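# Working through the structure, step by step
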Amino acid sequence: PQAVSSPRRRVNVGTEGQTMVTVHQFDTSSPVALKPPPPVRHRLELFAGDYEALWRTCSRADVDALGISVGLFQYIVTQFEKADTTRDGHLQLRELHELANLMYGKRSAEDAQYLFSSMDTNGDCRVSLLEFIVWWRNKTVSRQKEKEKDKEKKKSPRILL
């Protein structure tokens, strides 16, 4: 085999019968190049409401992949579990409205609908545990950024004229 340089990498190619295989042919005709890689999925996408199994089998790596702490994960899942009265691993609008009322005080149906639509990112008219966690994480991150901006404003010197 002879080494062929590519602008991106070096690839060893050889001959197949009497035909020389080039980098371009290799890239476009290999089975790997023909089908796109599968999307990265988190195991919570398959969650169907078995909370006992979730607590037993969820690893630190699963939580780290979500970008949150273990303590926050436990809190979020506990709140979600309380609200999931049907035990199907998803929240319907009614369940989310009840959860919002418990956590934030009495909320209107319009507030609950707005909250629900902001969480239901795939549009299947229900909020999965993974959608709930991602929404909560994003809310937490945006609050932290707001606090940092406020601290920076307080630190910056003010010039009074």
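Attention in this report is confined to the structure presented alongside it.

Conventions used here
- Residues numbered from 1 in each chain as written.
- Predicted model: local features only at pLDDT ≥ 70, side-chain atom pairs only at ≥ 80, totals over all residues.
- Heavy atoms only, no water.
- Core = buried A, V, L, I, M, F, W, Y, C linked by side-chain atoms within 4.5 Å.
- Buried < 20%, exposed > 50% of the residue type's maximum accessible area, 1.4 Å probe, protein only.
- Helix = DSSP H or I, 4+ residues; strand = E, 2+ residues; numbered from the N terminus.
- Salt bridge = Lys/Arg side-chain N within 4 Å of Asp/Glu carboxyl O.
- Axes fitted to C-alpha atoms, helices over the stretch in contact; angles between N-to-C directions.
- Parallel < 35°, antiparallel > 145°, perpendicular 65-115°, else oblique.
- Left-handed = near helix turned anticlockwise from the far one by under 90°.
- Contact = heavy atoms within 4.5 Å.
- Nonpolar A, V, L, I, M, F, W, Y, C, P; charged D, E, K, R; others polar.
- Patch = residues over 30% accessible without salt bridge, like charges linked within 9 Å, V, L, I, M, F, W, Y side chains within 5 Å.
- Areas by Shrake-Rupley, 256 points an atom, 1.4 Å probe, with all protein chains shown as cover.
- Lys, Arg positive; Asp, Glu negative; His and termini not counted.
- Charge placed at Lys NZ, Arg CZ, Asp CG, Glu CD.

## Focus on the nonpolar core
Residues L44, F73, L91, L96, L129, F132 and I133 are the most contacted members of the largest nonpolar core, which totals 26 residues. Secondary structure elements with two or more residues in this core: α3 (51-57), α4 (60-66), α5 (70-83), α6 (93-104), α7 (109-119) and α8 (129-155). Considering every element that reaches this core, the biggest residue donor is α8, with six residues.

## What about the pattern of salt bridges?
For the structure on display, the rule yields three salt bridges. When the shortest N-O distance is used, the salt bridge between D64 and R60 registers 3.5 Å. Highlighted residues: D64 and R60, both in helix α4, separated by four residues, approximately one helical turn.

## Concerning the packing of α6 against α7
The angle between the axes and the distance between the axes are what describe a pair of packed helices. Their axes nearest at 9 Å, the elements α6 and α7 cross at an angle of 110 degrees. Our classification of the angle between α6 and α7 gives roughly perpendicular. The hand of the α6/α7 crossing is right-handed. Where α6 approaches α7, its residues L93, L96, H97 and A100 are matched on the opposing element by A109, A112, Q113, L115, F116 and M119. Within the contact of α6 with α7, the residues separate by chemical class into eight nonpolar, two polar and no charged.

## Quick look at a positive patch on the surface
Where like charges cluster on the molecular surface, the positive patch consists of R143, K147, K151 and K155. Here K155 shows up in helix α8. On the basis of relative accessible area, K155 is assigned to the exposed category, the value being 64%.

## Focus on the packing of α5 against α8
Remark: α5 packs on α8, axes separated minimally by 10 Å, with the N-to-C direction vectors making an angle of 130 degrees. On the basis of their axis angle, the class for α5 and α8 is oblique. Considering the relative orientation of α5 and α8, their crossing is right-handed. From α5, L72, F73, Y75, I76, V77 and F80 reach across to α8, where they touch L129, F132, I133, W136 and T140. Taken together, the residues that form the contact of α5 with α8 break down as 10 nonpolar, one polar and no charged.

So, to be careful, I would describe these as geometric facts and stop short of saying anything about function.
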